[in-house]
Amino acid sequence: MEKFQICGGKRLSGEVEISGAKNAAVAILPATVLVDGVCRLENIPNISDVSTTLKILKSLGSQIRYINKNTVEIDNSSLRIHTVPHDLARHMRASYYFIGALLGRFGIARVSMPGGCNFGVRPIDQHLKAFTSLGASVSPMESGMIEVVANRLVGNSIYLDIVSVGATVNAILAAVKSRGLTIIENAAKEPHIVDLANFLNSAGADIRGAGTDVIKVCGVDLLHATTYSIIPDQIEAGTYMAAAAATGGDIIIHNVIPKHLESVTAKMQEMGVVIEEYDDSLRVYRSGQLIHCNVKTMPHPGFPTDMQPQISVLLSMADGASILTESVWDNRFRYVDELRRMGVQVQVDGKVAVFQGIDFLTGAPVKATDLRGGIAMVIAGLAARGVTDIEEIHHIERGYEDIVDKLANLGADIRRIVVPNNLVSHAL
Ligand code: EPU
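Keep in mind it's a predicted model, so treat the numbers as computed, not measured.

## Description of the site of the ligand
Item 1. The environment of the ligand is formed by 27 residues, the closest being Gln-126, Ser-164, Val-165, Asp-306 and Val-328.
Item 2. Between the ligand and the protein, one listed contact pairs a nitrogen atom with a side-chain N or O atom of Asp-125 at 2.8 Å.
Item 3. Here Arg-372 contributes a side-chain N or O atom positioned 2.8 Å from an oxygen atom of the ligand.
Item 4. Out of a free accessible area of 830 Å², the ligand has 91% covered by protein chains.
Item 5. When contributions to the shell around the ligand are tallied by element, the ones reaching two or more residues are helix H1 (22-31), helix H5 (125-133), helix H6 (165-175) and helix H12 (371-383).
Item 6. Taken together, the residues of the shell around the ligand sort by class into 14 nonpolar, six polar and seven charged.
Item 7. Per-domain counts for the shell around the ligand show at least three residues from each of domain 1 (2-19 + 232-423) and domain 2 (22-229).

## Here we look at the packing of helix H8 (residues 234-246) against H12
Item 1. At a closest axis distance of 9 Å, the pairing of H8 and H12 adopts a crossing angle of 25°. Viewed along their axes, H8 and H12 adopt a mutual orientation that is roughly parallel. The interaxial crossing formed by H8 with H12 has right-handed handedness. Across from Ile-235, Thr-239, Ala-242, Ala-243 and Ala-246 in H8, the residues of H12 making contact are Arg-372, Ile-375, Ile-379, Leu-382 and Ala-383.
Item 2. Grouping the amino acids of the contact of H8 with H12 by side-chain chemistry returns eight nonpolar, one polar and one charged.

## Brief notes about the pattern of salt bridges
Item 1. Overall, the coordinates contain 24 salt bridges when judged by the stated rule.
Item 2. We note a salt bridge from Glu-276 to Arg-283, for which the minimum N-O separation is 3.5 Å.
Item 3. You can call Arg-283 partly exposed: its relative accessible area is 24%.
Item 4. Residue Arg-340 is joined to Asp-337 by a salt bridge in which the shortest nitrogen-to-oxygen separation is 2.5 Å. In this pair, Arg-340 and Asp-337 are both assigned in helix H11 (residues 336-340), three residues apart and thus about one turn of the helix distant.

## So, the sheet that holds strand E20 (residues 345-349)
Item 1. Pairing is mixed in the open sheet, where four strands are placed in the order E18-E19-E21-E20. Only two strands of the sheet have a single neighbouring strand rather than two, namely strand E18 (295-296) and E20.
Item 2. Running over the sheet, helix H10 (residues 308-316) touches E18, strand E19 (321-325) and strand E21 (352-356) and is turned about 170° from E19.

## A closer look at the side chain of Arg-286
Item 1. Looking at where Arg-286 falls in the secondary structure, it is placed in the loop between strand E17 (281-285) and E18.
Item 2. No salt bridge is formed by the buried Arg-286, whose closest oppositely charged neighbour, Asp-319, lies at an N-O distance of 10 Å.
Item 3. Within polar-contact distance, the side chain of Arg-286 engages the backbone oxygen of Ala-246 at 3.5 Å.
Item 4. Apart from residues lying up to four places away in sequence, Arg-286 is in contact with Ala-245, Ala-246, Thr-247, Gly-248, Gly-249, Gly-272 and Met-317.

About the criteria used
Each chain has its residues counted from 1, following the order in which its sequence is written. Only residues with pLDDT of at least 70 are given local features in this predicted model, and only at 80 or more are side-chain atom pairs given and counted; all residues enter the totals for whole chains, interfaces and linings. Excluding hydrogens and water, the side-chain values take into account all heavy atoms of the structure. Working definition: residue near molecule or strand if any one of its non-hydrogen atoms lies within 4 Å of it. Counted as a polar contact is a pair of N or O atoms within 3.5 Å, where, for protein atoms, one must be capable of donating a hydrogen and the other of accepting one, and residues adjacent in sequence contribute only when both atoms are in side chains. Reported accessibility uses the Shrake-Rupley method at a 1.4 Å probe radius. Residues are deemed covered only where the shown protein chains occlude them. Comment: elements are numbered from the N terminus, with helices defined as DSSP H or I runs of at least four residues and strands as E runs of at least two. Any residue that is not Ala, Val, Leu, Ile, Met, Phe, Trp, Tyr, Cys, Pro, Asp, Glu, Lys or Arg is counted as polar, Gly included; the first ten are nonpolar and the last four charged. Note that domain bounds follow an automatic or database assignment of domains. Note on definitions: angles span 0 to 180 degrees between N-to-C directions of axes, and those axes are lines fitted to C-alpha atoms, for helices only across the stretch in contact. Under this scheme an angle from 65 to 115 degrees is roughly perpendicular, one under 35 degrees roughly parallel, and one over 145 degrees roughly antiparallel; angles in between are oblique. Left-handed describes a crossing whose near helix is turned anticlockwise from the far helix by less than a right angle; the clockwise case is right-handed. Contacts are assigned to residue pairs that have any heavy atoms within 4.5 Å of one another. A pair is scored as a salt bridge if a Lys or Arg side-chain nitrogen falls within 4 Å of a carboxyl oxygen belonging to Asp or Glu. Think of it in three bands: with a 1.4 Å probe and only protein chains considered, a residue is buried below 20% of the maximum accessible area for its type, exposed above 50%, and partly exposed in between. If DSSP finds at least two bridges between two strands, the strands pair. His is not counted, nor are the chain ends; Lys and Arg add positive charge and Asp and Glu add negative charge.

By themselves, these are just geometric observations and shouldn't be taken as functional.
In structure tokens:
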């Protein structure tokens, strides 16, 4: 087993380059299943969720050629298999995008119910609603698999009861080659939805309105070869912004789209962090005390739930009491027990956490409970006095490329350590 060891208290300074967006990549890679021709994808993040997605594609019969660590060429012309095996699907929530993609390609998909971060119940009823609206039938199978079948997908009106990123992606994937017009109402507006639509349009799809809450997909017969570059990861950028703010640092973050970060920027400015915006970079620095504030997560363009654990570290060090409300997931505060080990004063009641700011955090042995909860431990460790050991770092590596090198280049004292098996968890 490996862990991160951080000797905290160093101010971050220097420059960091943001990788391609995880949540765009894990939607666009399955979307290549719909394309008749080679897809060259650039700015793909080198993270474990992407390798799992590529393994699923290989298991279906994709020909994959790595041009370099962030560019792949994918040829799905010889794809024959429409089943995603359980041992791959269970690692990653986004494996359910293969349902929409395989359904659109073959008229049949068999996929195991997906894994991913544990935030309580994570239903997919809205995905299934989208498929059935287009004429598919859904049947549960043995061992947690579901089968979705359609003789011919026909465009229809799909009203999503909840704003769901995954259901919006799956509705687009299933609709893109169906007959006629599909209208997705109450659609998610996240930048990765727009990126997926832009990718598919670059291959000949006819998708309009992505980025608004009504998306119109006019079905086409064929998608052709394309070259596409994935957008920068706004959550990775927000994470480095939080790390700079937590350490009282001064950094420049390259390869960002500042517009995607508006809600994060606004909140951090309210907390006394200085943020200078340039065309595709940001300078983030802090010298004064962090100011307390209240934060509520919302679907885009609201404050992203995927930045909730990171901002909590800043709230825990602010000059008074702050209220953090999670309105997207039922149970996304599991990580706060780990923060308490570092001295953080927090009370959680359901979807609301109240932080009473303290002067400094203290290093401690902690674990990553999930991807964003894990990176919050890294930020806390960077800001804390003393040493923080973080176990279960595989969660963090699902979504952050080269995290140790990027932080070390900014002056952090962080290293990856191999822990002999007989010592695992004794520190916890
Ligand atoms: N929901 C339903 N029914 C559905 C689908 C969703 O009730 O059929 C509920 C969920 O339980 C949740 C809410 O709707 O309460 C929003 O879920 P959504 O479907 O939008 O989430 P997701 O597509 O499963 C994606 C990201 C998550 C991110 C959420 C919200 C990917 C691969 N994952 O998940 O990212 O938190 O949107 O923005 O895109 C992460 O990157 O750390 C991460 C967890």
